[in-house]
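A closer look at the structure
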Amino acid sequence: MDTGDEMTGCVVKDKPVRLICSEAVEVFKEYNISRHFRSKHKNSNYEAMSEYESKQNVESLCKKLSGRQNFFKKGNTIQEAATHASYIVACNIDKNNKALSDGEFIKQCMLQVCDVLCPDKKNNFQTVSLSRKTVTSRIEAIDKNLTSQLESKIGQFKFCSIAMDEITDINDTAQLVLFIRGVDENFEITEELACMLSLKGTTKGCDIFREFQEGLLNMKVPITNICNITTDGAPNMTGKKSGFLGLFNQNYPGNNVVFYIVLYIKMLCVNLH
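Every chain is numbered on its own, with residues counted from 1 as its sequence reads. Local features are withheld for residues below a pLDDT of 70 in this predicted model, meaning they are given only at 70 or higher, and side-chain atom pairs are given and counted only at 80 or more; totals for whole chains, interfaces and linings count all residues. As a rule here, side-chain values come from all non-hydrogen atoms in the structure, and water together with hydrogens is ignored.

Some details on the overall build of the protein chain
Helix and strand assignments follow DSSP, with helices taken as H or I runs no shorter than four residues and strands as E runs no shorter than two, numbered in order from the N terminus. Looking only at helices and strands, the protein chain has 9 helices and 8 strands in total. Exposure categories follow from relative accessible area, calculated using a 1.4 Å probe and restricted to protein chains: below 20% of the type maximum is buried, above 50% is exposed, and the middle band is partly exposed. Counting the 273 residues in the protein chain, one finds 31% classified as buried. Here, residues are in contact when the closest pair of their heavy atoms is within 4.5 Å. Within the protein chain, counting contacts between residues at least 6 apart in sequence, those at least 24 apart form 50% of the total.

Re a nonpolar patch on the surface
The patch calculation keeps residues exceeding 30% relative accessible area without a salt bridge and links them within 9 Å when they carry like charges or within 5 Å when they are nonpolar (Val, Leu, Ile, Met, Phe, Trp, Tyr). Exposure was quantified through the Shrake-Rupley algorithm and a 1.4 Å probe, taking into account, for residues, occlusion by the shown protein chains and nothing else. One side-chain nitrogen of Lys or Arg within 4 Å of one carboxyl oxygen of Asp or Glu is enough to make a salt bridge. There is a patch of nonpolar side chains on the surface, built from Val113, Val116 and Leu117 and spanning about 330 Å² of accessible area. In this fold, Val116 is placed in helix H4 (residues 102-117).

As for the layout of surface pockets
As defined here, a cavity is a set of points on a 1 Å grid over the protein atoms alone where a 1.4 Å probe fits but cannot get out. A pocket is an open set with protein on both sides within 12 Å along at least five of seven lines, and residues line them when an atom is within 4 Å of a point. Grid points are joined across faces, edges and corners, and a volume is the space filled by probe spheres set on the points. In this structure, the largest pocket occupies an estimated 600 Å³ of space. As for the largest pocket, its lining consists of 17 residues, and the residues nearest its centre are Ile142, Asp143, Leu146, Thr147 and Leu193. Mapped by element, the contributors of at least two residues to the lining of the largest pocket are helix H3 (51-95), helix H6 (132-154) and strand E5 (189-199). All residues other than Ala, Val, Leu, Ile, Met, Phe, Trp, Tyr, Cys, Pro, Asp, Glu, Lys and Arg, Gly among them, are scored as polar; the first ten of these are nonpolar and the last four charged. Of the residues that constitute the lining of the largest pocket, the class distribution is 9 nonpolar, 3 polar and 5 charged. In this model, the second largest pocket occupies a volume close to 150 Å³.

Some thoughts on the packing of aromatic side chains
Any two rings among Phe, Tyr and Trp, with Trp reduced to its six-membered ring, count as a pair given centres within 6.5 Å; such a pair is stacked if its planes are under 30 degrees apart, edge-to-face if over 60, and tilted if neither. For the coordinates displayed, the defined rule picks out 8 aromatic pairs. Seen from their ring centres, Phe209 and Phe244 are 6.0 Å apart, and the 50° between their planes marks the pair as tilted. Taken together, the residues span a long stretch of sequence, with Phe209 in helix H7 (residues 205-219) and Phe244 in helix H9 (residues 244-251) at a distance of 35 residues. By the burial criterion, Phe209 is buried, and Phe244 matches it. By way of ring pairs, the aromatic residues Phe209, Phe212, Phe244, Phe248, Tyr252 and Phe259 are connected into one cluster. Placement of a charge over a ring requires the Lys NZ or Arg CZ to be within 6 Å of the ring centre, with the centre-to-atom vector within 35 degrees of the ring normal. Its end group placed over the ring of Tyr87, Arg138 keeps NZ or CZ at 4.7 Å from the ring centre.

Digging into the pairing of E5
Taken together, the 10 bridges between strand E4 (residues 174-184) and E5 define a ladder with antiparallel strand orientation. The residue bridging Ala174 from the neighbouring strand is Leu199, located in E5. Linking E4 back to E5 in an antiparallel pair, the connection comprises 4 residues, with Phe187 at a positive phi of about 65°. Strand pairing is defined by DSSP finding a minimum of two bridges between the two strands.

Overview of empty space enclosed by the protein
Going through the model one piece at a time under the given rule, you end up with 1 cavity of 30 Å³ or more. Taken as a whole, the largest cavity holds about 30 Å³ of empty space. If you trace the largest cavity, you find it lined by Ile162, Leu178, Ala194, Cys195, Gly215, Leu216, Met219 and Val221. Mapped by element, the contributors of at least two residues to the lining of the largest cavity are E5 and H7. Broken down by element, the lining of the largest cavity gets its largest block of residues, 3 residues, from H7.

Things to note about the pattern of salt bridges
By the definition in use, this model includes 4 salt bridges. Salt-bridge contacts for Glu211 lead to Arg210; the nearest nitrogen and oxygen are separated by 3.6 Å. The network of salt bridges with shared partners includes Asp207, Arg210 and Glu211.

Some remarks on H4
Compared with an ideal rise of 1.5 Å per residue, which puts 16 residues at 22 Å, H4 spans 22 Å between its outermost C-alpha atoms and is within 8% of the ideal. Within the sequence span of H4, burial applies to Gly103, Lys107, Leu111 and Cys114. In a view along the axis of H4, the buried residues occupy a sector of 80°, so they form one face of it. Seen from the open side of H4, the exposed residues pointing more than 90 degrees away from its buried face are Phe105 and Val116. For a helix, the expected span equals 1.5 Å multiplied by the residue count minus one. Working definition: the arc comes from the directions between the helix axis and the C-beta atoms, pointing outward to the latter.

In short, the description is geometric, and any link to function would need to be established separately.
As structure tokens, this is what we get:
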């Protein structure tokens, strides 16, 4: 390869790139690189340079290319850090039951603190998006990610148990809460809140059973993997005809599920089959 070729080319991501024009050559062969130089840079001053001058120019062009790459890399790094920071704040807002609009207040506080402690870094803090819309989308993304992780673990369960209860929230709306505890083939145990479903209207055994089925369907929990279910002693849960227990046995006859009833702080382990 001639001196001009050596001076005007480098390898970026396994592709030869011309340092003079920043164009990539598709085929990594000496002929293709030489042809590119002859066709586009034949009459340039680079061809007449000595070997020493070529090397000096190669170093200079490489530094310029590296500088441009580092500039974009730095920008991407700062943006990734800003996105990560916004997720951290959104997660803490959600965990502490704060208003979604508090993100803007938190950002205002951060910028004021930054003015005092590290004013040279203020632009980095300015890129952290904490608007109400952004915080909402971050929390939704975290929820989807956690749900996806739980569904993946549930898919590996060999056996699992369900604990369920009916509660009333601050808006006086009945909620059915399902907890799941399972073990996979490596005997690793996972225990998580599976879902919370609203019981609008009545809270009869049929309503609870319907929401229970929907919860299992959404979380992709096979009925055949359930070995026991724990509930409280309310009639809509334990009724053998119209209660949840009775409807479960009617819809899944021959199941091997053991039901446990929790009364107050004492647990009565009763097989109600």
